[in-house]
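Architecture at a glance
Here are the chains, one letter per residue:
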Number of protein chains: 2
Amino acid sequence: MPEGTKDIRDQIIESAVKIFARYGLRKATMEDIAKANNRAKSSLYHYFSSKEDIFKAVIKREGNILKSEILNAIAREKLPTDKLRTYFKARMNALNRLANVYSAFQDEYLENYKFIQKFRSQFDSFEIETIKSILKQGIEKKIFEIDDLDLTAFTIVVGMKGLEYHWATEKDIKKLNRNIDTLFDLLFNGIKRR
Amino acid sequence: MPEGTKDIRDQIIESAVKIFARYGLRKATMEDIAKANNRAKSSLYHYFSSKEDIFKAVIKREGNILKSEILNAIAREKLPTDKLRTYFKARMNALNRLANVYSAFQDEYLENYKFIQKFRSQFDSFEIETIKSILKQGIEKKIFEIDDLDLTAFTIVVGMKGLEYHWATEKDIKKLNRNIDTLFDLLFNGIKRR
DNA sequence: AAATTTTCGACTAAATTAGTCAAATGTTTC
DNA sequence: GAAACATTTGACTAATTTAGTCGAAAATTT
């Protein structure tokens, strides 16, 4: 695909996000996406090879937004402690903002797709690495005391996943933020240098 | 359909509400509804003759809920003035609560169905009659002064529809409630006995 | 105005879906 | 307990929808 084409590809992706968010991969049709973009269905195939191809692009885009939101948020903090707490909240907020796309993303039907599994595991890696780098800084600054860095980072990510599940069904944002703080404090007091 | 059958019919309608709310009439499949009800698709046809038939039942049910919520709300008020204001708010709140179903209901694709048009016009009649009865009480109690009752009731309903349209795109509930009050005051000062 | 990119409508093969049906299972009634 | 009835189901089909193709028309660039 040529150069200036980027804009229209992006346009299509943007429409597709909404359609996928509303209907999920299965029920969203190329016709739906095309209409939302004021184009004929066949035009889409000039930019993407298949519906799955568009979906991949959507997932990639939303994933990148999620990652950069998290990275930006923790970049604003100086202390590893604050970075960690901010990471928690930024993750929840970003996920909250993406709630629609995300709920489509949770669709069990998607689990069968290999590229979704790949994306998930890539995102897991990103999270573990990010947490690890925060923990490392904490160790260097003598704020944290951790035996097994990998295992600790992994455990933290798993813990957040648990919270995320709870979050999916929790409407009370206030209560949720308190949960985040509680989990954080519990974790923090476990790893803080005594 | 036999007698004790009612329970299961209702069960099916309840599942169907959720499915229609999520996907709309077009994209909701009998299979979806059946699954949500832990039944085989063919079982549904024992209780309903078609998908459209289920949809009609859903619309009827939600319409009745809407009506009774409104009627209950205004029954709690004594003064015609308060009844009118309460009507406004109850209508908005009920519609708000039914937001999902309602958004599916707004689908342009539905406009082609005759029974939807029929339902709409029946609901319009209900609203106009309800408003008229409130206005009548107001006139009797010398609180309102109205020339053409029918035309006034009609105008009020049309006004609320306009607000409803605005509401559909307005996320700020606070602002919306202020709008309701404003519209109400404007209207009220127009019909109040001087 | 030639070359290239973009759009589109018409088309097809494959998949999905509404609705049917006959048989299986479950429940009542005598 | 078996006849009568109600309910559920899986297999099936006809009709519709849908992903993806293709050749040619617009639009844009060179």
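Let us look at the structure shown here. (Residues numbered from 1 in each chain as written. Chains lettered and ligands numbered in written order. Predicted model: local features only at pLDDT ≥ 70, side-chain atom pairs only at ≥ 80, totals over all residues. Heavy atoms only, no water.)

Quick word on the pattern of salt bridges
Residues and elements named next belong to chain A. Tallied over the full model, the rule gives twelve salt bridges over all chains. Of the charged contacts, one joins glutamate 129 and lysine 132 as a salt bridge, the two residues approaching to 3.6 Å between their closest N and O atoms. Of the two residues, glutamate 129 and lysine 132 both sit in helix 7 (residues 114-140), three residues apart, roughly one turn of that helix. Under the relative-accessibility criterion, glutamate 129 is labelled partly exposed at 45%. Overlapping salt bridges, with partners in common, bring together Glu14, Arg61 and Glu62 in one network. (Salt bridge = Lys/Arg side-chain N within 4 Å of Asp/Glu carboxyl O. Helix = DSSP H or I, 4+ residues; strand = E, 2+ residues; numbered from the N terminus. Buried < 20%, exposed > 50% of the residue type's maximum accessible area, 1.4 Å probe, protein only.)

Some words on the protein's contact with DNA strand C
What surrounds DNA strand C is a group of 17 residues, the closest being Arg39, Ala40, Ser42 and Tyr47 of chain A together with Lys41 of chain B. When the atoms of DNA strand C within 4 Å of the protein are grouped by moiety, sugar and phosphate amount to 54% of the total. Taking serine 42 of chain A, its side chain carries an N or O atom lying 2.6 Å from a base oxygen of DNA strand C. Take tyrosine 45 of chain B: an N or O atom from its side chain is 3.5 Å from a phosphate oxygen of DNA strand C. Contributions of two or more residues to the surface near DNA strand C are made by helix 3 (41-44) of chain A together with helix 3 (41-44) of chain B. Split by residue class, the surface near DNA strand C holds seven nonpolar, seven polar and three charged. (Near = heavy atom within 4 Å. Polar contact = N/O pair within 3.5 Å; in protein donor to acceptor, adjacent residues only side chain to side chain. Nonpolar A, V, L, I, M, F, W, Y, C, P; charged D, E, K, R; others polar.)

Regarding the protein's contact with DNA strand D
Lining the immediate environment of DNA strand D, one finds 17 residues, of which Lys41 of chain A together with Arg39, Ala40, Ser42 and Tyr47 of chain B sit closest. Considering DNA strand D, the proportion of its atoms within 4 Å of the protein that are sugar or phosphate atoms stands at 53%. Side-chain polar atom of serine 42 of chain B to a base oxygen of DNA strand D: 2.6 Å apart, as the coordinates give it. Considered class by class, the residues forming the surface near DNA strand D number seven nonpolar, seven polar and three charged.

Overview of helix 4 (residues 51-75) of chain A
For helix 4 of chain A, which comprises 25 residues, the first-to-last C-alpha distance of 36 Å matches the rise-based estimate of 36 Å (1.5 Å per residue) to within 8%. Buried residues of helix 4 of chain A: Ile54, Phe55, Ala57, Val58, Ile59, Glu62, Gly63, Leu66, Ile70, Ala73 and Ile74 of chain A, and no others. (Expected span 1.5 Å × (residues − 1).)

Some remarks on the interface of chain A and chain B
Counting residues at the interface gives six residues for chain A, matched by six residues for chain B. Taken together, the two surfaces of chain A and chain B that pack against each other cover about 610 Å², and 38% of this comes from carbon and sulfur. The interface formed by chain A and chain B contains two salt bridges. Residue lysine 27 of chain A pairs with aspartate 32 of chain B through a salt bridge whose shortest N-O separation is 2.4 Å. Summed over the shared surface of chain A and chain B, the result is three residue pairs in polar contact (both at pLDDT 80 or more). For the side of chain A that touches chain B, the element with the highest residue contribution is helix 1 (residues 6-27) of chain A, accounting for three residues. (Contact = heavy atoms within 4.5 Å. Buried area = accessible area lost by both parts, 1.4 Å probe.)

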